[in-house]
Amino acid sequence: MQFFLDTGMVDEIKQALDWGILDGVTTNPTLIAKTGRPFMEVVEEILKLVDGPVSLETVSRDAKGMVEEGKRLAELGDNVVVKIPMTPEGMKAVQELESEGIPTNVTLVFSPSQALIAGKAGASYVSPFIGRIDDTSGDGMKLIRDVVQIFNNYQIETQVIVASVRHPMHVVEAALIGADICTMPFEVMKKLFQHPLTDKGIELFLKDWEKVPGRPF
Ligand code: E4P
């Protein structure tokens with residue numbers, strides 16, 4: 001499973017790169033706004049750091065506008081993926097951008113039928129938002145199971161990005177299902193490393209190490 005960070009924060013990206021577990025980045029207007037920094041400045045820094053796919057979102061409502069924005073975003077780097085919302089106009093834009101070799105990521109997907117449409121439109125990626133479904137008493141992970149099964153049934157090559165991730169078990173369950181990618185907040189990525197028994201175990205081993213005679217280090 002590939003790990004993406006869902007962030008606009010350059011420091012978080014640097015830390016994940018340092019850990020050696022970062023495969024890509026997803027952003028959206030909310031995440032960029034949270035940085036409080038100018039769009040181009042943030043995006044250029046991210047693109048300089050990250051070799052893998054970096055999703056940047058369009059904001060137009062019509063296909064023409066999305067295609068225009070998508071082309072401008074794609075010029076910023078070879079690894080730019082244009083994020084397009086799941087609407088009929090969006091799917092027109094996906095077909096046009098993909099036909100010109102610009103990869104797209106269909107965002108704001110909340111149902112298997114929407115994911116199937118994105119796959120039929122030829123999107124490179126689709127992003128089902130599981131946390132927002134859980135927030136409304138739904139079952140976000142069921143959506144991932146359904147989408148993965150549908151894509152397998154028809155050998156649809158669109159990669160599934162599990163999005164709107166809230167905690168480590170979302171990542172683990174998505175991996176068990178076999179989703180291609182999980183995009184997660186930095187805090188969730190950090191938690192993937194953690195277990196209280198690991199900390200306790202290290203403490204005990206270090207204490208006992210002090211009792212070992214002739215320690216080489
Ligand atoms: C995905 O690409 C989105 O940026 C993101 O996962 C949305 O998550 P949220 O529900 O935490 O805003």
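Refer to the structure above for everything that follows.
Keep in mind that this is a model prediction, so the values were computed, not measured.

The rules behind these values
Residues numbered from 1 in each chain as written. Predicted model: local features only at pLDDT ≥ 70, side-chain atom pairs only at ≥ 80, totals over all residues. Heavy atoms only, no water. Helix = DSSP H or I, 4+ residues; strand = E, 2+ residues; numbered from the N terminus. Buried < 20%, exposed > 50% of the residue type's maximum accessible area, 1.4 Å probe, protein only. Contact = heavy atoms within 4.5 Å. Areas by Shrake-Rupley, 256 points an atom, 1.4 Å probe, with all protein chains shown as cover. Lys, Arg positive; Asp, Glu negative; His and termini not counted. Charge placed at Lys NZ, Arg CZ, Asp CG, Glu CD. Core = buried A, V, L, I, M, F, W, Y, C linked by side-chain atoms within 4.5 Å. Near = heavy atom within 4 Å. Polar contact = N/O pair within 3.5 Å; in protein donor to acceptor, adjacent residues only side chain to side chain. Nonpolar A, V, L, I, M, F, W, Y, C, P; charged D, E, K, R; others polar. Pairing = 2+ DSSP bridges. Axes fitted to C-alpha atoms, helices over the stretch in contact; angles between N-to-C directions. Phe/Tyr/Trp six-rings, centres within 6.5 Å; stacked < 30°, edge-to-face > 60°. Expected span 1.5 Å × (residues − 1).

**Some thoughts on the overall build of the protein chain**
Per the secondary structure count, the protein chain includes eleven helices and eight strands. Counting only C-alpha atoms and orienting by the principal axes, one finds that the protein chain spans roughly 75 × 40 × 30 Å. Residues classed as buried in the protein chain amount to 45% of the 217 residues present. In the protein chain, the proportion of contacts linking residues at least 24 apart, taken out of those at least 6 apart, comes to 57%. By element, 54% of the accessible surface of the protein chain is carried by carbon and sulfur atoms, the whole surface being about 11600 Å². The distance from the centre of the 21 positive side-chain charges to the centre of the 31 negative ones in the protein chain is 5 Å.

**Some details on the nonpolar core**
In this structure, V106 and V162 are the most contacted members of the largest nonpolar core, which totals 56 residues. Ranked by residue count, the leading element in this core is helix 8 (residues 140-153), at seven residues. Beyond its immediate chain neighbours, meaning those up to four positions away, V162 contacts P128, I130, I144, A174, A179, I181, C182 and T183. Counting residues in each nonpolar core, the second largest holds five residues, with V81, Y125, I161 and I181 among its members.

**Considering the site of the ligand**
Close to the ligand lie D6, T26, N28, K83, F129, R132, A163, S164 and R166, which account for all nearby residues. Measuring from an oxygen atom of the ligand, one finds a side-chain N or O atom of N28 at 2.7 Å. Its free accessible area being 340 Å², the ligand has 85% of it covered by the protein chains. Class assignment for the residues of the shell around the ligand results in two nonpolar, three polar and four charged.

**Things to note about the side chain of H170**
Here H170 lies in helix 9 (residues 168-177). Excluding residues that lie within four positions of it along the chain, H170 makes contacts with I130, G131, D134, M141 and V165.

**As for the sheet that holds strand 2 (residues 24-26)**
Within a sheet, adjacent strands bond to each other through the backbone by hydrogen bonds, running parallel or antiparallel. Pairing is parallel in the closed barrel, where eight strands are placed in the order 1-2-3-4-5-6-7-8. For this sheet the average axis-to-axis angle between neighbouring strands, irrespective of direction, equals 30°. Each of strand 4 (80-85) and strand 5 (104-109) is contacted by helix 5 (residues 88-99), which is oriented at about 160° to strand 4, the strand it contacts most.

**Here's the deal with the environment of P168**
On the secondary structure map, P168 appears in helix 9. Classification of P168 by relative accessible area gives partly exposed; the value is 23%. Separated by 153 residues in the primary sequence, P168 and Q15 have C-alpha atoms spaced 18 Å apart. Among all residues touching P168, those that are not within four sequence positions of it are V188, K191 and L192.

**Notes on the packing of aromatic side chains**
Scanning all chains against the criterion turns up four aromatic pairs. Ring centres of W19 and F186 lie 5.5 Å apart, and the angle between their planes is 0°; on these two criteria the pair is classed as stacked. With W19 in helix 1 (residues 10-19) and F186 in helix 10 (residues 186-192), this residue pair connects regions lying 167 residues apart in the sequence. Judged by relative accessible area, W19 falls into the partly exposed class, the value being 29%. Ring geometry for W19 and F193: centres 4.9 Å apart, planes at 55°, overall tilted. Here W19 is found in helix 1, whereas its partner F193 is found in the loop between helix 10 and helix 11 (196-209), with 174 residues between them in sequence. Of the aromatic side chains, those joined through ring pairs into one cluster are W19, F186 and F193.

**Digging into helix 4 (residues 63-74)**
The α-helix winds at 3.6 residues per turn, so residues separated by three or four positions along the chain end up facing the same way. The first and last C-alpha atoms of helix 4 sit 16 Å apart over twelve residues, in line with the 16 Å expected at 1.5 Å per residue. Listed in full, the buried residues belonging to helix 4 are A63, G65, M66, V67, G70, L73 and A74. Lining the buried residues of helix 4 we find helix 3 (39-49), strand 3 (54-57), strand 4 and helix 5.

**Structural notes on the environment of V81**
Note that V81 resides in strand 4. Among the residues examined, V81 registers a relative accessible area of 2% and is labelled buried. For the pair V81 and T26, spaced 55 residues apart in sequence, the C-alpha separation works out to 8.8 Å. What V81 contacts, discounting residues up to four positions off in sequence, is P53, V54, S55, L56, P103, T104, N105 and Y125.

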